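Architecture and fold: a report
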2 protein chains.
Amino acid sequence: MLTHSEENYLKAIFHLSLETDEDISTNAIALKINSQPSSVTEMLKKMSDKSMISYQKYKGVSLTEVGQKTALKIVRKHRLWEVFLFDKLNFSWDEVHEIAEQLEHIHSDKLTQELDRFLDYPQHDPHGDPIPNRAGFIQYSEKILLATLQVGETARFVGVKDSSAVFLQYLDKRNIALGDLLTISFIEAFDQSMHVLINDSNHILSKQTINNIYVLKV
Amino acid sequence: MLTHSEENYLKAIFHLSLETDEDISTNAIALKINSQPSSVTEMLKKMSDKSMISYQKYKGVSLTEVGQKTALKIVRKHRLWEVFLFDKLNFSWDEVHEIAEQLEHIHSDKLTQELDRFLDYPQHDPHGDPIPNRAGFIQYSEKILLATLQVGETARFVGVKDSSAVFLQYLDKRNIALGDLLTISFIEAFDQSMHVLINDSNHILSKQTINNIYVLKV
DNA sequence: AAAATATTTTAGGAAAGCCTAAAAATAGCA
DNA sequence: TGCTATTTTTAGGCTTTCCTAAAATATTTT
Ligand SMILES: [Mn+2]
Ligand SMILES: [Mn+2]
Ligand SMILES: [Mn+2]
Ligand SMILES: [Mn+2]
């Protein structure tokens, strides 16, 4: 059984591995989990001993098969709890993450399974991220950044890249929600801001915003 | 914010305090949480510094007002989660405690409140124990031990004293459930075993059993 | 009331998980 | 290739929570 801390390391390495094919560096992990590189080195040794990661001094780490499976279990729990909080307990999508960070560490296979059933086997969490199934299989979609669309194109809002509370609240304030249809009416050459038609109203979205919104072309 | 461990001490002292009016001894706590008296002494000092308990060397401890309030919050969470697992996730009453022991440490007032609402403000957990309300008020009932009844009396099964999995499973096996009506038909003088009519079938319940079942006379 | 017994505390130590500062290794560049 | 800057590891320390063994205190028995 892994400790709370070990699980957080595993999850950090998992998420960092999604961004690159290279091994994950000590510094990158330290940055991610808000700790010091020396603390990370220490933990990496322990997790290597437990065969959760492949680690060679100075060469970075990658998840082993077991580590990958374990990380997926934690991500699954995290996202299922987010769905529970959002769907059943009236939490908003900017509030769920913090509590899911705690709930993801509850150990009970039956609990995870029953929660999944109770929520009717959801495919995505409230931020549009895919939920691994019981076997650890995760269905990634072909989502692209809104910033890559051309004038005239229409697409569906299916996810956010960085789901910080402040960004999610910004979207809420503008009544932009997951599932909405977006049509690009104009792109400002000067600052790349995008004029977008959403729910019959026009929005001007900044470069930062459109680089943080995932869509699926329709 | 209290640690996981401090919360467990608080809960132990709370439960021990229900059994007696005296101060709680170091040994009793050690026994309850399965640790050593020396470990307990150490923690009691820390919790006294945090004003959660009143502690005088060699004299035992009691909860302060703040400690009592905090303990009740944890008990509230524990029992609400038990209801959730039992009512919504198909857990049996002998399985819920173990997982609630983990869930009770999740910190979020909103979560507790919304869970309470979602479960429709339950008054009792799956073992018949009362759930403190948001303000920490707990409604104790006049329940008595089945062992105290006389031949001919009828009462409703409303709780168990020791809710160990093995005892709860024993009741399940005999189709004896919370809410059932029990009528005493005979008491064996030799071993105090009780002949009880439950759901139209006759059961012979041992001394240990009838001293572990709470009822309300009807 | 003294002796024996039981309870509680103190002393000293271990493991986990974090830190800072210094040393070692690696990578980038002239 | 050799020097410099960056990254990573090691060394040493701190806190939390647990432990065992010994000392101190309280309780019970004679
Ligand atoms: Mn999240
Ligand atoms: Mn999410
Ligand atoms: Mn319980
Ligand atoms: Mn209970």
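Residues numbered from 1 in each chain as written. Chains lettered and ligands numbered in written order. Predicted model: local features only at pLDDT ≥ 70, side-chain atom pairs only at ≥ 80, totals over all residues. Heavy atoms only, no water.

Structural notes on the overall build of chain A
- Across its full length, chain A carries eight helices and eight strands.
- Projected onto the principal axes, the alpha-carbon positions of chain A cover approximately 55 × 40 × 25 Å.
- In chain A, which comprises 218 residues, the share counted as buried stands at 45%.
- Considering only intrachain contacts with a sequence separation of at least 6, the fraction spanning at least 24 residues in chain A is 62%.
- Of the side chains in chain A, 23 bear a positive and 30 a negative charge, and the two mean positions are spaced by 5 Å. (Helix = DSSP H or I, 4+ residues; strand = E, 2+ residues; numbered from the N terminus. Buried < 20%, exposed > 50% of the residue type's maximum accessible area, 1.4 Å probe, protein only. Contact = heavy atoms within 4.5 Å. Lys, Arg positive; Asp, Glu negative; His and termini not counted. Charge placed at Lys NZ, Arg CZ, Asp CG, Glu CD.)

Section: the protein's contact with DNA strand D
- Around DNA strand D sit 21 residues in total, of which A:Tyr55, A:Lys57, B:Ser38, B:Ser39 and B:Lys46 are the nearest.
- Counting only atoms of DNA strand D within 4 Å of the protein, the fraction found in sugar and phosphate groups is 71%.
- The contact in question runs from a phosphate oxygen of DNA strand D to an N or O atom on the backbone of A:Asn27, over 2.9 Å.
- The backbone of B:Gln36 places a nitrogen or oxygen atom 3.1 Å from a phosphate oxygen of DNA strand D.
- Elements with a minimum of two residues in the surface near DNA strand D: α2 (26–33) and α3 (37–49) of chain A together with α1 (4–19) and α3 (37–49) of chain B.
- Sort the elements by how many residues they give to the surface near DNA strand D and α3(B) lands first, with five residues.
- Looking at the surface near DNA strand D residue by residue, the class counts come to six nonpolar, 11 polar and four charged. (Near = heavy atom within 4 Å. Polar contact = N/O pair within 3.5 Å; in protein donor to acceptor, adjacent residues only side chain to side chain. Nonpolar A, V, L, I, M, F, W, Y, C, P; charged D, E, K, R; others polar.)

With respect to the coordination of the manganese ion (ligand 2)
Residues and elements named next belong to chain A.
- Only Glu82 (OE), Asp125 (OD) and His127 (ND1) from the protein reach the manganese ion (ligand 2) as donors, at distances of 2.2 to 2.3 Å.
- Linear spacing of the donor residues for the manganese ion (ligand 2) on their chain is E-x42-D-x1-H.
- Separating the manganese ion (ligand 2) from the manganese ion (ligand 1) is a distance of 3.3 Å, and Glu82 supplies a donor atom to each of them. Placement of Glu82 in helix α4 (residues 65–87) and of Asp125 in the loop between α6 (109–118) and β3 (144–145) is noted, with a sequence separation of 43 residues between them. (Donors = N, O, S within 2.8 Å, 3.2 Å for Na, K, Ca; no water.)

Side note on the packing of α1(B) against helix α4 (residues 65–87) of chain B
Residue and element names in this part refer to chain B.
- At a minimum axis separation of 9 Å, α1 and α4 run at an interaxial angle of 95°. Taken together, the axes of α1 and α4 are roughly perpendicular relative to one another. Of the residues in α4, those touching α1 at Glu7, Leu10, Lys11, Phe14 and His15 are Gly67, Gln68, Thr70, Ala71, Leu72, Ile74, Val75 and Arg79. (Axes fitted to C-alpha atoms, helices over the stretch in contact; angles between N-to-C directions. Parallel < 35°, antiparallel > 145°, perpendicular 65-115°, else oblique.)

Details of the nonpolar core
- Counting residues in each nonpolar core, the largest one holds 34 residues, and the members touching the most others are A:Trp81, A:Phe84, A:Leu85, B:Trp81, B:Phe84 and B:Leu85.
- Listing elements by their share of this core, those giving two or more residues are α4, α5 (96–103) and α6 of chain A together with α4, α5 (96–103) and α6 (109–118) of chain B.
- Those residues in contact with A:Phe84 that sit more than four places away from it in its chain are A:Leu89, A:Leu115, A:Phe118, A:Leu119, B:Phe84, B:Leu115 and B:Phe118.
- Within the second largest apolar cluster, 23 residues are counted, among which are A:Ile13, A:Ile29, A:Met43 and A:Leu72. (Core = buried A, V, L, I, M, F, W, Y, C linked by side-chain atoms within 4.5 Å.)

Side note on the coordination of the manganese ion (ligand 4)
All names here are of chain B.
- At 2.2 to 2.3 Å from the manganese ion (ligand 4) lie its protein donor atoms, namely Glu82 (OE), Asp125 (OD) and His127 (ND1).
- All donor residues of the manganese ion (ligand 4) come from one chain, and their arrangement in sequence is E-x42-D-x1-H.
- In this structure, the manganese ion (ligand 4) lies 3.4 Å from the manganese ion (ligand 3), and both are coordinated by Glu82.

Regarding the relation of the copies chain B and chain A
- Mapping chain B onto chain A calls for a rotation angle of 180° and an axial translation of 0.0 Å; the resulting RMSD is 0.1 Å. The transformation relating the two chain copies, once decomposed into turn and shift, fits a two-fold axis. Of every C-alpha in chain B, the one belonging to B:Leu103 sits nearest the axis of rotation, 3.8 Å from it.
- A share of 100% of interface residues in chain B that are also interface residues in chain A marks the association as one of identical surfaces. (Least-squares fit on C-alpha atoms with pLDDT ≥ 70 in both.)

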